[in-house]
Amino acid sequence: MGQFAWLYPQSHFDYPNSNITPIGKVHGEASMVSVFFPVMMDADLQEEAYKNALQQKGGDLLIDFLATTEITMFPIAFINIFKTTYKVDGTA
């Protein structure tokens, strides 16, 4: 149904002049299903995608990452079911 993408410099706050060491590229995603209306953005969904990505390399934050929200609609008779998937690709 739709897809949106944003570039972000970091996922969490880091102190100025802090020592950040890139660990490696990671990918994380999280999904949720809703009925009647699509969920455009949910903070819990976003945090779950961050957590899933950071678990791959054991990092604390994502830097220079691309966040993508994808909304898919499944029309069933008179009810519309929406699946929202939030994906992140970046460096841990």
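Up top you'll find the structure we're talking about.
All residue numbers refer to positions counted from 1 along the written sequence of the respective chain. Two thresholds apply to this predicted model, a pLDDT of at least 70 for residue-level local features and 80 or more for giving and counting side-chain atom pairs, whereas whole-chain, interface and lining totals are computed over all residues. Values shown for side chains rest on all heavy atoms present in the structure; no hydrogens or waters enter the calculation.

K.L.:
Is there a simple way to think about the side chain of Thr68 in this case?
P.N.:
Put simply, DSSP H or I for four residues or longer makes a helix, DSSP E for two residues or longer makes a strand, and each gets a number counted from the N terminus. Among the structural elements, Thr68 can be located in strand β3 (residues 63–76). When checking whether two residues touch, look at their non-hydrogen atoms; a contact exists if any pair is within 4.5 Å. In this structure, Thr68 is in contact with Gln3, Phe4, Ala5, Thr85, Tyr86 and Lys87, ignoring residues within four places of it in sequence.

K.L.:
Help me out: how do you make sense of the environment of Thr21 in this one?
P.N.:
Here Thr21 is to be found in the loop between β1 (2–10) and β2 (25–35). Look at Thr21 and you get exposed, because its relative accessible area is 63%. On a C-alpha basis, the gap between Thr21 and Ala92 in space is 8.6 Å, while along the polypeptide they are 71 residues apart. To sort residues, take the accessible area from a 1.4 Å probe on protein chains only and compare it with the maximum for the residue type: under 20% means buried, over 50% means exposed, and anything in between is partly exposed.

K.L.:
Explanation requested: the pairing of strand β4 (residues 79–91) in the structure shown.
P.N.:
Side-chain positions along a regular strand alternate between the two faces of the sheet. Note that β2 and β4 share eleven bridges and pair antiparallel. If you follow Val33 over to β4, its bridge partner there is Lys83. The pairing criterion for strands is at least two bridges between them, as found by DSSP. Two strands pair when backbone bridges link them, and β3 and β4 are joined in this way by twelve bridges, in the antiparallel orientation. Among the inter-strand pairings, Thr72 is bridged to a residue of β4, identified as Lys83. As consecutive antiparallel partners, β3 and β4 are separated by two residues, and within that stretch Ala77 has a phi angle of approximately 50°, a positive value.

K.L.:
Where do I start with unusual backbone geometry in this structure?
P.N.:
Both trends apply: most residues other than glycine have a negative phi, and most peptide bonds are in trans. The phi torsion at Phe36 lies on the positive side, around 80°, for a residue other than glycine. Turning to its location among the elements, Phe36 is positioned in the loop between β2 and α1 (43–57). Positive phi values are uncommon outside glycine, yet Ala77 reaches one of about 50°. As for its placement among the helices and strands, Ala77 is situated in the loop between β3 and β4.

K.L.:
Explanation requested: the environment of Thr85 in the structure shown.
P.N.:
With respect to the secondary-structure elements, Thr85 resides in strand β4. Note on Thr85: relative accessible area 6%, which makes it buried. On a C-alpha basis, the gap between Thr85 and Thr68 in space is 8.0 Å, while along the polypeptide they are 17 residues apart. What Thr85 contacts, discounting residues up to four positions off in sequence, is Glu29, Ala30, Ser31, Thr68, Thr69 and Glu70.

Everything listed is a geometric property; what it means functionally is a separate question.
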